[in-house]
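# Observations on the three-dimensional arrangement
What follows is each chain in one-letter form.
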Amino acid sequence: MNTPLHTETLSREAILTHIDVLADILENCVNGGASVSFMSPFTREKARAFWTGIAQSVDRNERTVLACIDKHDGIIGTVQLVTDQPENQPHRADVAKLLVREKARRKGAALTLMASLETHARACGITVLVLDTATGSGAETFYQRAGWQKVGEIPRYALMPDGAMTATSVFYKFL
């Protein structure tokens, strides 16, 4: 049976080609209240500038961007593996910006993205993954259910898009 979801690694050129779709996903997440480094009001210009910078980072081999693609709806989500680490941490990478369009949530996109990210990380020789997410968020619950180990919380770590202060929960996963 042909699964409706699959992942692809996005090159610099692919990010720039799909920048409007990627910007839509980022806008959808931020405007939906996701704590992914941006404040409201969030504009298309900010989203495009973000993805342009990510494309440049991909081109410098600092990170990998994976996209979850639905055979009917196209790109519905992304996640990043940041491999640009200090010299003494070649075995570690950060997971950043797991973004799934709101209408595509709870249909396996996040799990599909994270499974592909872990497979890619192993192929790169990565054995430790690290991430943080807003404490009390749906993302925190997702990571716990996906087998990530919570290290702890840092109070008053960041602002939510609406300006409210939030703690962050720090997680790791051994591969």
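Residues numbered from 1 in each chain as written. Predicted model: local features only at pLDDT ≥ 70, side-chain atom pairs only at ≥ 80, totals over all residues. Heavy atoms only, no water.

## Side note on the overall build of the protein chain
- Looking only at helices and strands, the protein chain has five helices and seven strands in total.
- Starting at the N terminus and walking to the C terminus, you meet the elements of the protein chain as β-α-α-α-β-β-β-α-β-α-β-β.
- In summary, the protein chain has a C-alpha radius of gyration of 16 Å against a globular reference of 16 Å for 175 residues, a match within 12%.
- If one aligns the C-alpha atoms of the protein chain with their principal axes, the spans along those axes are about 40 × 40 × 35 Å.
- Taking all 175 residues of the protein chain together, the buried fraction comes to 43%.
- Look at the contacts in the protein chain between residues 6 or more apart in sequence, and 60% of them connect residues 24 or more apart. (Helix = DSSP H or I, 4+ residues; strand = E, 2+ residues; numbered from the N terminus. Rg over C-alpha atoms; globule rule 2.2 N^0.38 Å. Buried < 20%, exposed > 50% of the residue type's maximum accessible area, 1.4 Å probe, protein only. Contact = heavy atoms within 4.5 Å.)

## Considering the side chain of R92
- Take R92: it is sitting in strand β4 (residues 92-100).
- Taking the relative accessible area as the measure of exposure, R92 reaches 17% and is therefore buried.
- In this structure the side chain of R92 is engaged in a polar contact, spanning 2.4 Å, whose partner is the side chain of Q85.
- Of the polar contacts made by the side chain of R92, one reaches the side chain of D94; its length is 2.5 Å. (Polar contact = N/O pair within 3.5 Å; in protein donor to acceptor, adjacent residues only side chain to side chain.)

## Re the sheet that holds β4
- Spatially, seven strands are ordered β1-β2-β3-β4-β5-β7-β6 in an open sheet, and the strand pairing comes out mixed. If you trace the sheet from one side to the other, it starts and ends with β1 (5-10) and β6 (149-159), each paired once. Geometrically, the sheet is characterised by an average inter-axis angle of 25° between neighbouring strands, direction not taken into account.
- Where helix α4 (residues 109-123) meets the sheet, it contacts β1, β2 (63-70), β3 (74-82), β4, β5 (128-134) and β7 (165-174), and its direction lies at approximately 40° from that of β3.
- In the packing of helix α5 (residues 138-145) onto the sheet, the strands contacted are β4, β5, β6 and β7, and the crossing angle to β5 comes to about 150°. (Pairing = 2+ DSSP bridges. Axes fitted to C-alpha atoms, helices over the stretch in contact; angles between N-to-C directions.)

## Topic: the packing of aromatic side chains
- Applying the stated criterion across every chain yields a total of seven aromatic pairs.
- Seen from their ring centres, F50 and W51 are 5.1 Å apart, and the 80° between their planes marks the pair as edge-to-face. Each member of the pair, F50 together with W51, is buried.
- Both rings, one in Y143 and one in F171, keep their centres 6.1 Å apart while their planes meet at 50°; by these two values the pair is tilted. (Phe/Tyr/Trp six-rings, centres within 6.5 Å; stacked < 30°, edge-to-face > 60°.)

## Digging into the pattern of salt bridges
- Counted by the stated rule, this structure contains 11 salt bridges.
- With a shortest N-O distance of 2.6 Å, R44 and E27 are connected by a salt bridge. Of this pair, R44 sits in helix α3 (residues 44-59) while E27 sits in helix α2 (residues 19-31), placing them 17 residues apart in sequence.
- Using a relative accessible area of 27% as the deciding quantity, one classes R44 as partly exposed.
- Accessibility expressed as a relative area gives 15% for E27, which makes it buried.
- Its salt-bridge partner being E118, residue K173 comes within 3.0 Å of it at the nearest N-O pair. Of this pair, K173 sits in strand β7 while E118 sits in helix α4, placing them 55 residues apart in sequence.
- Looking at K173, the relative accessible area reads 15%, which means it is buried.
- The network of salt bridges with shared partners includes D20, D24, E27, R44 and R48. (Salt bridge = Lys/Arg side-chain N within 4 Å of Asp/Glu carboxyl O.)

## Re the packing of α2 against α3
- Running from N to C, α2 and α3 cross one another at 115°; their axes reach a closest spacing of 9 Å. Seen from above, α2 lies across α3 with right-handed handedness. Taken together, the residues of α3 that come into contact with α2 (itself represented by I19, D20, L22, A23, D24, L26 and E27) are R44, A47, R48, F50, W51 and T52.
- By residue class, the composition of the contact of α2 with α3 is seven nonpolar, one polar and five charged. (Left-handed = near helix turned anticlockwise from the far one by under 90°. Nonpolar A, V, L, I, M, F, W, Y, C, P; charged D, E, K, R; others polar.)

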